[in-house]
Amino acid sequence: MIQYSLEDLQTILQLDSRYYGFLDLSDPKNSELKELIQRTITALQDEVAHSYSMNIIKQHDGKLVPTKSDQPISDGEHIKENSCNTQYQSKDFKWGMSNETSSNKSVAEIDEVDVNTYCKLGHLHLLMYEHSEALSAYQKYMRLCEKYWEDHAFLYGIGIVYFEFRCFKWSIKSLQELLYLNPHFTCANEAHLRLGLMLKANGEFRTALKHLQLALIDTSPSTFTDLQVKFQIAHLYEVQNKHKAAKESYEFILNNKNVSLDLKADIYRQLGWMYHCVECLGEKKERESNALLFLQKSIEADPKCGQSLYLLGRCYAGVNKVHDAFLAYRNSVEKSEGNADTWCSIGVLYQQQNQPTDALQAYICAVQLDKEHRSAWTNLGILYESCGQLRDAYACYSNAIKRISNKKIGNGQEGNKAVFSKSSTNGLTKGLAQRVKFLESQLSQAPLPSITSKRRQLCSIEEAWNLPISLEINSRQQQQSVQMQQRQFGKNPSVQGPPPPYPHSHGSQSNPLPAKRSKDDGEYSVKNRTDHTTQNLSQQQMNTLQFLQQNQKNLNEQQDKLLHQLSAQNRQALKNSSSPGPTSSTSTSETISDRTNFGSEIISSDNIKEDTDANDLARIVSTVTDQKLKIRCQNISTKLSEDQGLNNYDGTNVSIKYESLTNCNDDTQNNFKDQKPKVEYDNDQESLPTFNIQMDSKQLLSAVKLLPVDEPPINFTITAKNAPPPAPPDCPPQRLTREQLLPPTPSVHLENKKNAFSPQLQEFCLKHPIAVVRGLAGALKLDLGLFSTKTLVEANPDHSVEVRTQVNQSPDENWDVSQAKRVWACISHRSHTTIAKYAQYQASSFQDSLKDEGDKGSAGSQVMSDSDSKDSVSNSNINLKRKRQKNGSKMLRFGTNVDLSDERKWKPQLSELQKLPAFARVISAANMLSHVGHVILGMNTVQLYMKVPGSRTPGHQENNNFCSININIGPGDCEWFAVPDAYWGGIHNLCEKNSISYLHGSWWPVLEDLYKENIPVYRFIQKPGDLVWVNAGCVHWVQSVGWCNNIAWNVGPLTARQYSLAIERYEWNKLQSFKSIVPMIHLSWNLARNIKVSDVKLFELIKMCLLQSLKNVFHLQEYVKSKGVEVRFNGRGKNEASHYCGQCEVEVFNVLFIREQEKRHVVHCLPCALKLSPSLQGIVCLEEYRLSELQQVYDSFTLYRTQGLGQAH
Ligand SMILES: [Zn+2]
């Protein structure tokens, strides 16, 4: 056992993940500290190993038989995701005790390591940038520690490690949990920045922007500069195609004097490429010269950047400066040779110069470097087709299509890039699909000899794939990328396998396509290696060859001979000569180059964005300015010295130690002297008062007075402090039969008005996840005609309609853009129009279909009909193909979210709805949403939907899990799909698997995926006049069968279930940074004022919310006063809307922090106010209700005891 000095011990106790990025251990100044950390790591590892062997001995002696197998681990997926890293596994094994559990009991029984040891090991490894080891230790801690989330430095540390490994899913989860549990965390800004970057990569732009802005406003020290964050925000605009905003933001940063050279290089590169690509940035000629100028500036600022050189090449190629383009590409290859984009573009250039052989080789390099490179595959196909080698062309196109669908689905790790390329690949993919079909028919019809009789101009794709030069380049680059990936991500790189398989031959043709390669990976790699040893040139030979090739024009005889020799040795080496080679057929060259350009231009630009992301991430993470480092270290150390129960020690040692560590100068130290240390942990929870709903307000207030005010309070509605953060629930475990997976839909048919008003109807609805009330309109004599398109146009023709442009598909299918694969992501572009214009579209769409039907005659199958789609789960492929071809990818427009809230404009319509039974009415005393006190559009007001067949409302739960009412106006039907709320976690996970956000994304579940996950789905038709009741939390998606309108709104029955589901979602939304449009705290206070509650459970839930809220309000005021800030009473206007934070969009109740921003008074929550101004200087604190009033409401809200009446629900 190593002996530590007290000083060292204190240092070690203080170190944790929060120093990550602030402590440069490679700096000689810190060598002493580095040595200390290293020593501690070794000691802790020894401790773990010792305990492991002790346990083995004990087990052998039979003294202790722990009956536990490895705990059912909830975080199993974490482990799996990283299990490819063998290094980490072996380490884990060394530390591992397979028989541990998290229970305290076992800790006592076994000679075990304190779980915190693992956490500390994680921190120390992290600070040493030993990410694999850090991850291993952290994961161990997470498995063993029951309440791991209570340790916020741990959540931060593991979030950082996942981020470094690009495990975005898990990093996002950890960091979101951290910020949810403690928005005041010391490194909150670091967490927000990383969340912003990851969500940007995942295509969740709105949330990404929110996080980046929260990182930006934060004044606390950080590892990144403001300008770097601003760059990320500008880039966020760029990837959303907000080009003008992006350009302005980039230019704004450039105008700053402090912009670093690296950042300059990045900005010039982005600007240059935008000028090249984006038409709205000016006239073409000017854009072209700007593009060249900026890219050259970028290279000037960072001459080592292969990416900028590549883009420069692209721009030169674009203006036909072929020689300059080649030069730039070559430079780029030198800087970053493993770039498939560069090789693809070199291929394009060769192809344009009519050098098909060279083009072929370049493309082959590209696809060998990146087998997913769809533009290279496409270009290869075009090349082969132009040379009349249709079979090879067919193979390449097929690969291109496959790559597109793969890329869209299978990139969970890199996030949802599909967003960037959705629109751009659409046309391309369609063209490709047509091409493949055409070639398919050509190949199947043409007799075999006629295709091969012509002498082949190019070697076949299979031969080309085996060209040694490409193998050579490939293997070198692979080595490189292996090293790089291992360094960066610690993941096994994709191993070079056999060439991409040819598509299956079809029909009875005797194998018209080249023989399918059936070797497995292993066999191929052996062959690969042999080739390598026999054919490989030495590095020097390679260099010579390259030199000779580059100077082919000026070679003397001897050199020329050598060149030929080397070339021969390489068989068909890639000729880098800039002199034009032998000409080839030119007949189709023009169309080829056009198409080629189209393909590579669009697709490559996507790739660029992805690459830049990665670069930016790396750069941002690694850049630390010295000054900030010092400040931060000092800052954290002061905080920490009081945090971790170190007060017993002599504090001076600690600060001395840190001064020597970080070499802080006195000035920076003084800056932070007056800052109060933040306490990240509750060390003395026992001494803190407890709260319960039996307390009256006076007791509550005196208990709050015992709470410390050095820590800003955190606002929870129901969750107690240190409860686990909200998470989607597991699906019910019960295995369902096929019949149970397709349950009959609860439905009831109404005969008359009496039925409609019977209490049984409401009970029936509340009992089921979803219910159809058939014949409602008839029974109530509702005049549905008031909501017909004709009436609506007459009433308010210019009223606004939101339009969603969607692909027309049959109801249980959702295909990706290439129509090659069923997917979850659902395309839905948004625009706006008016009722009159939409009505015109709706009518003409109907007319067109009548014409179509007439043309087709009676044989035209009813694609959308119920009977047809019912069995489509088992539809054969042929059947699907037929439908798809027939539908094509016809687009349709869905008129949605038409706001009918205005009582003057829609009086007859709204008063007609008064005929509904109370529980279904828009406004009623028994509807929680009527107690909000202000309008929530579409929730406590009516919305209208105008549809043509195929209009889709993608999958969702209602806002804050409220119930909803939907009436079909007709004349056509709608088809509904619904999943009980207990299964929402399952659907959430499937969304994640499909790289799409459950809350923000637009998704259409693939039914087979749901059945596979044991998730039942209700499916039914809603006829005109039918009311659909969607119960709280039910997940549902709807598609219109015919032409129809629907009306819908939300209701909140006064039940415990509704209230608790609403609160649960309120908390989950908070964690996800998603705005809850029902202000639940405000609503709860209004409910307490307005209603009497006899349901015990509902009462307790509401009272709990009031308790937490009152406690928080009081605590907050105490905290604010302790900062010397006055709380001013402001009151509330009648029907004034509830408040949300202008930065993070959480509900702000009663205590508002106001700051003037751009001449507007913006409301902030406390965490955001503290970000802007840690001392709250310049911020006004307003109070909406007097404390006495809230106290009075709280105290008089009591359980209402009904006499003799049984309590329903
Ligand atoms: Zn906020």
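Notes on the structure follow. (Residues numbered from 1 in each chain as written. Predicted model: local features only at pLDDT ≥ 70, side-chain atom pairs only at ≥ 80, totals over all residues. Heavy atoms only, no water.)

1. A look at empty space enclosed by the protein
Item 1. Scanning all chains against the criterion turns up twelve cavities of 30 Å³ or more.
Item 2. Around the largest cavity, the lining comprises 41 residues; the ones closest to its centre are Lys1070, Cys1144, Val1146, Cys1165 and Pro1167.
Item 3. If you list the elements that add at least two residues to the lining of the largest cavity, you get helix 9 (168-181), helix 10 (188-201), helix 11 (205-217), helix 45 (1056-1071), helix 47 (1096-1122), strand 16 (1147-1148), strand 17 (1151-1157) and helix 48 (1166-1172).
Item 4. Residues of the lining of the largest cavity, tallied by class, amount to 25 nonpolar, ten polar and six charged. (1 Å grid on protein atoms, 1.4 Å probe; cavity = no way out; pocket = protein on both sides within 12 Å on 5 of 7 lines; lining within 4 Å. Points joined across faces, edges and corners; volume = space filled by probe spheres on them. Helix = DSSP H or I, 4+ residues; strand = E, 2+ residues; numbered from the N terminus. Nonpolar A, V, L, I, M, F, W, Y, C, P; charged D, E, K, R; others polar.)

2. So, the packing of aromatic side chains
Item 1. In the structure shown here, the tally under the stated rule is 26 aromatic pairs.
Item 2. With 4.8 Å between their ring centres and 85° between their planes, Phe846 and Trp1043 make a pair best called edge-to-face. One end of the pair, Phe846, is in helix 39 (residues 835-856); the other, Trp1043, is in the loop between strand 12 (1035-1040) and strand 13 (1044-1051), and 197 residues separate them in sequence.
Item 3. Through successive ring pairs, a cluster of aromatic residues spans Tyr138, Tyr141, Tyr148, Trp149 and Phe154.
Item 4. Taking the ring centre of Tyr1140 as reference, the NZ or CZ of Lys1075 above it sits at 4.3 Å.
Item 5. A cation sits over an aromatic face here: Arg1186 above Phe1129, 3.7 Å from the ring centre. (Phe/Tyr/Trp six-rings, centres within 6.5 Å; stacked < 30°, edge-to-face > 60°. Lys NZ or Arg CZ within 6 Å of the ring centre and 35° of its normal.)

3. Notes on the sheet that holds strand 13
Item 1. As summarised here, the arrangement of the nine strands in space is 1-2-11-8-13-6-5-3-4, forming an open sheet in which the pairing is mixed. Strands at the two margins of the open sheet, each flanked by one partner only, are strand 1 (747-749) and strand 4 (829-834). Within the sheet, the average angular offset between the axes of one strand and its neighbour, ignoring direction, is 25°.
Item 2. Where strand 3 (residues 800-807) lies against strand 5 (residues 891-899), six bridges are found, and the strand directions are antiparallel. Looking at the pairing, Val807 lines up with Met891 of strand 5.
Item 3. Contacts from helix 36 (residues 759-767) reach strand 1, strand 2 (770-774) and strand 11 (1027-1030) within the one sheet, and its direction differs from that of strand 2 by about 145°. (Pairing = 2+ DSSP bridges. Axes fitted to C-alpha atoms, helices over the stretch in contact; angles between N-to-C directions. Contact = heavy atoms within 4.5 Å.)

4. Considerations on the coordination of the zinc ion
Tetrahedral coordination by four donors sets the ideal angle at the metal to 109.5 degrees; octahedral coordination by six donors sets it to 90 or 180 degrees.
Item 1. Taken together, Cys1141 (SG), Cys1144 (SG), Cys1165 (SG) and Cys1168 (SG) make up the full set of protein donors to the zinc ion, lying 2.2 to 2.4 Å away.
Item 2. Its four donor atoms give the zinc ion angles of 103 to 114° at the centre, a pattern that matches the tetrahedral case.
Item 3. Linear spacing of the donor residues for the zinc ion on their chain is C-x2-C-x20-C-x2-C. Residue Cys1144 is located in the loop between strand 15 (1139-1140) and strand 16, and its partner Cys1165 is located in the loop between strand 18 (1160-1164) and helix 48; the two are separated by 21 residues in the primary sequence.
Item 4. For Cys1165, a relative accessible area of 7% puts it in the buried group. (Donors = N, O, S within 2.8 Å, 3.2 Å for Na, K, Ca; no water. Tetrahedral: all angles 85-135°; square planar, octahedral: opposite > 155°, others 65-115°. Buried < 20%, exposed > 50% of the residue type's maximum accessible area, 1.4 Å probe, protein only.)

5. Notes on the pairing of strand 8 (residues 963-971)
Item 1. In terms of residue burial, strand 8 counts as a mostly covered element, since eight of its nine residues are buried.
Item 2. Pairing of strand 8 with strand 13 involves eight bridges; the strand directions are antiparallel. In the sheet register, Ile965 faces strand 13, and the bridge partner there is Trp1049.
Item 3. Note: strand 8 against strand 11, four bridges, orientation antiparallel. Residue Ser964 lies in a different strand from strand 11, and its bridge partner there is Val1030.

6. Quick look at the side chain of Thr342
Item 1. Residue position: Thr342 is located in helix 18 (residues 340-352).
Item 2. Given a relative accessible area of 1%, Thr342 falls into the buried group.
Item 3. Other than its neighbours up to four places away in sequence, Thr342 contacts Tyr310, Tyr329, Ser332 and Val333.

By themselves, these are just geometric observations and shouldn't be taken as functional.
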